[in-house]
Amino acid sequence: MGYALTLEGLRDLAEGAAVLGTGGGGDPYIGRLLVEQQLKAGHTVTIIDAAELPDDALVIPSAMMGAPTVFIEKLPSGAGNIAALRALEAHLGRTAAATMPIECGGLNSMMPLLLGAQLGLPVVDADGMGRAFPELQMETFAVYGVSGSPMAIASDHGDTGIINATDNRRMEWLARAMTIQMGGASYISDYPMDAATVRRTAVPGTLTLARRLGAALRQARAEHADPFQALAAALSGTLYTHGLVLFRGKVTDVDRKTVDGFARGHVTLADLADPRDQLEITFQNEHLVARRNGRVVAIVPDLICTLNSETGTPVTTEALSYGQRLTVFAISTPDLMRTPDALDCFGPAAFGLADPYTPVEHLTAVP
């Protein structure tokens, strides 16, 4: 059965989504404040399972697009959220029965909640990435046969457009160009599908998982317990079976640039006891690969999370800075994200990485 999101549940969900964002997806803090405003004004966010909808019910995912660094300098108003959905409804000649995230990580876990509160739409407890990825074609929806087009795009200035692309990669390319012209950030509604297709192609239960992870971190702090053990325990029994610490250290170097609408770069951490022991993470909005002294210890699509070593608070790529004490925590992805078709879509080669995909639990196994 569906449930109404409380303020505490929202805060837990936002922090858990920042963990699942693997450094990207945009900082959920901004989005959380927008949703909090709605809840305090008396509006409701209802989270439902896709099974609660009729097979033919129209579900329209919603999100923001752009480089995470832009959202710090230019706060979103939330107005384009409604404009994009209404534009796609008008184009389709149908009304959405629900919305949902295209990704469960970061800011984009919040945008469907905002839209749900604004319009009274239920939000489906699932998403199309099981984490955050930087490009629109990198969706389980796409892997399992759903077209992202037609999609709607809107700005905070009232501009809207419809993209009918020949494939999901071209949809990403066209939408990225429009987003850059809109100031580096836009609102989108894409991958319109019926509820039966959601059940077949989405990663289920990810909003509730994010809430569970955030609650585990909150409780660990209150009890002065190890936040990383709490995360690992919260992941147990879920589709994300393995959660483990990869490295603890101090940030010694950050190389970060906004290029072609993405935050790209590297961060290097050194062990406090032995500075020669180093971990380097490469990112494109999200963390893609972690190498310890040159050896791969985790790689996309598995999750590589940078967290404050004392509190477990997630640190996004745009917030990385010299001197931070961080713990790098890895999380295994669900099986439907590890199939050959899924790896073709969002595995290492999709990001130009030469390293093959190996599950994180195998890379870190003790011989």
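See the structure above.
Residues numbered from 1 in each chain as written. Predicted model: local features only at pLDDT ≥ 70, side-chain atom pairs only at ≥ 80, totals over all residues. Heavy atoms only, no water.

Student: Please set out the nonpolar core residue by residue, giving values where relevant.
Tutor: Counting 70 residues, the largest nonpolar core has Val45 and Leu113 as its most contacted members. Broken down by element, the residue count for this core peaks at seven residues, all from helix H9 (residues 206-222). With sequence-adjacent residues up to four places away left out, valine 45 is seen in contact with Tyr3, Ala4, Leu5, Val35, Leu39, Leu113, Ala117 and Val123. The next biggest cluster of nonpolar side chains, apart from the first, holds 28 residues, and it includes Ile48, Ala57, Ala98 and Ala195. (Core = buried A, V, L, I, M, F, W, Y, C linked by side-chain atoms within 4.5 Å. Buried < 20%, exposed > 50% of the residue type's maximum accessible area, 1.4 Å probe, protein only. Helix = DSSP H or I, 4+ residues; strand = E, 2+ residues; numbered from the N terminus. Contact = heavy atoms within 4.5 Å.)

Student: Talk me through the packing of helix H2 (residues 28-40) against helix H5 (residues 111-119); I want residue IDs and the actual numbers.
Tutor: Packing of H2 against H5 brings their axes to within 9 Å, and their N-to-C directions diverge by 25°. Regarding the angle of H2 to H5, the classification is roughly parallel. Of the two elements, H2 crosses H5, and the hand of that crossing is left-handed. Two secondary-structure elements touch here, H2 through Leu34, Val35 and Gln38 and H5 through Leu113, Leu114, Ala117 and Gln118. Taken together, the residues of the contact of H2 with H5 break down into five nonpolar, two polar and no charged. (Axes fitted to C-alpha atoms, helices over the stretch in contact; angles between N-to-C directions. Parallel < 35°, antiparallel > 145°, perpendicular 65-115°, else oblique. Left-handed = near helix turned anticlockwise from the far one by under 90°. Nonpolar A, V, L, I, M, F, W, Y, C, P; charged D, E, K, R; others polar.)

Student: Requested: an account of the packing of aromatic side chains, with residues and values cited.
Tutor: Tallied over the entire structure, the rule returns four aromatic pairs. Ring centres of phenylalanine 133 and phenylalanine 346 lie 4.7 Å apart, and the angle between their planes is 20°; on these two criteria the pair is classed as stacked. Here the residue phenylalanine 133 occupies a position in the loop between strand S6 (126-127) and helix H6 (140-143), and phenylalanine 346 occupies one in helix H11 (residues 340-346), the gap between them amounting to 213 residues. Take phenylalanine 133: its relative accessible area is 3%, and that puts it in the buried class. Relative accessible area serves as the criterion here: at 0%, phenylalanine 346 is assigned to the buried category. Through pairs of rings, three or more aromatic residues link up here, namely Phe133, Phe346 and Phe351. (Phe/Tyr/Trp six-rings, centres within 6.5 Å; stacked < 30°, edge-to-face > 60°.)

In short, shape yes, function no, at least from these values alone.
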